[in-house]
Amino acid sequence: MGDDGVADTVADLFGVEKEAALDLLERGEVTSEDVVAYLAIQSFADESLETAEHAMMAELLVRLGPDTPVPADVEEVDDDSYRAFLDDNPHAVLTVWKHDCDPCEAMKGDVAAILELVPDGVAVAGVDGENVPEFRAAFDVDAAPAVLCFRDGTLEAVATGRKRPGELGALFADVYDAPA
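Just so you know, the residues in each chain are numbered from 1, in the order the chain's sequence is written. Where totals are concerned, whole chains, interfaces and linings use all residues; where local detail is concerned, this predicted model gives features only for residues with pLDDT of at least 70, and gives and counts side-chain atom pairs only at 80 or more. The basis for the side-chain values is all heavy atoms of the structure; hydrogens and waters are excluded.

Visitor: Even after reading the chapter, I still don't get the overall build of the protein chain, so can you show me in this structure?
Guide: Put simply, DSSP marks the helices as runs of H or I at least four residues long and the strands as runs of E at least two long, and each gets a number from the N terminus on. Within the protein chain, the regular secondary structure consists of nine helices and five strands. Across the protein chain, helices and strands are ordered from the amino to the carboxyl terminus as α-α-α-α-β-α-β-α-α-β-α-β-β-α. With the C-alpha coordinates of the protein chain rotated into their principal frame, the extents come out at 60 × 30 × 20 Å. Among the 180 residues that make up the protein chain, the fraction classed as buried is 38%. Working rule for contacts: check all heavy atoms of both residues, and any pair within 4.5 Å makes them a contact. The contacts of the protein chain with a sequence gap of at least 6 include a subset with a gap of at least 24, amounting to 67%. As displayed, the protein chain has an accessible area near 10400 Å², and 48% of this comes from carbon and sulfur atoms. Charged residues are defined narrowly, with Lys and Arg counted positive, Asp and Glu counted negative, and His plus the chain ends left uncounted. For the purpose of locating charges, the reference atoms are NZ of Lys, CZ of Arg, CG of Asp and CD of Glu. Placing the 11 positive and 41 negative side-chain charges of the protein chain at their respective mean positions leaves the two points 4 Å apart. Classification of residues uses two cut-offs on accessible area relative to the type maximum, computed with a 1.4 Å probe and protein chains only: under 20% is buried, over 50% is exposed, and between them is partly exposed. Using the Shrake-Rupley algorithm and a 1.4 Å probe, accessible areas are obtained, with residue cover drawn only from the displayed protein chains.

Visitor: Would you mind showing me how to read the nonpolar core here?
Guide: Nonpolar side chains in soluble globular proteins tend to end up buried together. Working definition of a nonpolar core: buried Ala, Val, Leu, Ile, Met, Phe, Trp, Tyr and Cys residues. They are joined through side-chain atoms within 4.5 Å. Counting residues in hydrophobic clusters, the biggest one holds 38 residues, and the most contacted among them are Leu94, Phe135, Cys149 and Phe172. At the level of elements, α5 (82-88), β2 (92-97), α6 (102-108), α7 (111-117), β3 (123-128), β4 (146-151), β5 (154-160) and α9 (165-176) are the ones that each hand at least two residues to this core. With near-sequence residues (within four places) excluded, Leu94 lies in contact with Val77, Phe85, Leu86, Ala125, Gly126, Val127, Phe135, Ala146, Val147, Leu148 and Phe150. If you look at the next biggest cluster of nonpolar residues, it comprises seven residues, including Val6, Val10, Ala21 and Leu25.

Visitor: What should I look at first to understand a negative patch on the surface in this one?
Guide: Surface patches are defined over residues having more than 30% relative accessible area and no salt bridge, joining like charges when they lie within 9 Å and nonpolar side chains (Val, Leu, Ile, Met, Phe, Trp, Tyr) when within 5 Å. The salt bridge definition used is simple: a Lys or Arg side-chain nitrogen within 4 Å of an Asp or Glu carboxyl oxygen. On the surface, a cluster of negative charge is made up of Glu76, Asp78, Asp80 and Glu134. Note that Asp80 resides in the loop between β1 (75-76) and α5.

Visitor: I tried to follow the side chain of Asp110 on my own but got confused; where do I start?
Guide: In this structure, Asp110 sits in the loop between α6 and α7. Within the local environment of Asp110, its side chain forms a polar contact with the side chain of Arg162, the two groups lying 2.9 Å apart. Once residues lying within four places of it in the same chain are set aside, the contact partners of Asp110 are Arg162, Arg164 and Pro165. By the criterion applied in these results, polar contacts are pairs of N or O atoms within 3.5 Å in which, for protein atoms, one can donate a hydrogen and the other can accept it, and in which residues neighboring in sequence qualify only through two side-chain atoms.

Visitor: Help me understand unusual backbone geometry, please; the structure alone is not making it clear to me.
Guide: One can expect most non-glycine residues to show negative phi and most peptide bonds to be in trans. Omega for the bond connecting Ala144 with Pro145 falls within 30 degrees of zero, at -10 degrees, which places this linkage in the cis form. Tracing the chain through its elements places Pro145 in the loop between α8 (133-138) and β4.

Visitor: Looking at this model, I keep getting lost on the pairing of β4. Mind explaining?
Guide: Side-chain direction in a regular strand flips from residue to residue, so the side chains alternate between the two faces of the sheet. Of all the six residues making up β4, five are buried; the element is thus mostly covered by neighbouring parts of the structure. A pair of strands counts as paired when DSSP detects no fewer than two bridges linking them. The sheet contact formed by β2 and β4 spans five bridges and is antiparallel. In the strand pairing of β4, Thr95 is matched with Val147. Relative to β5, β4 runs antiparallel, the two being bridged by six bridges. Bridge pairing in β5 links Val147 to Ala159. Hairpin connection of β4 to β5: two residues between the antiparallel strands, including Asp152 at a positive phi of 55 degrees.

By themselves, these are just geometric observations and shouldn't be taken as functional.
So, in structure tokens, the structure goes:
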């Protein structure tokens, strides 16, 4: 949705001017995760909630949710560490994950099967797509999930959207000259 869309939503929900909403976003007092949580609670509530109660529930939802969308079975790297990871692992698969991403959630159910298809000698890591602007800019990634395959330190292939294990197995075989 972007900051502009989030600001419009905040302005509509709380009756503030769009500039005030943009200021709240810029200062980090309101995040896109807060707005998503607020709207999620609004859509599931059986009855109308007071605004303060609703906001408090959204804050709890954000705070109690997982800190990262990267699956537990996968090493997480960020803007401070991805270059070192790629330097140490010239053959690597990096996947961009996001919170509140249905295709990401669907792929998480296949992580074990996907990891079995990664050829020997190829390192695997994941990034939280909302917290790696440098990584996204460096590799022109604006979608999640996105699977980036590096060979000899060079980005060789990018697959975006939900991919099933067989599709990724074929991609890995092609990029890394491994049996499918």
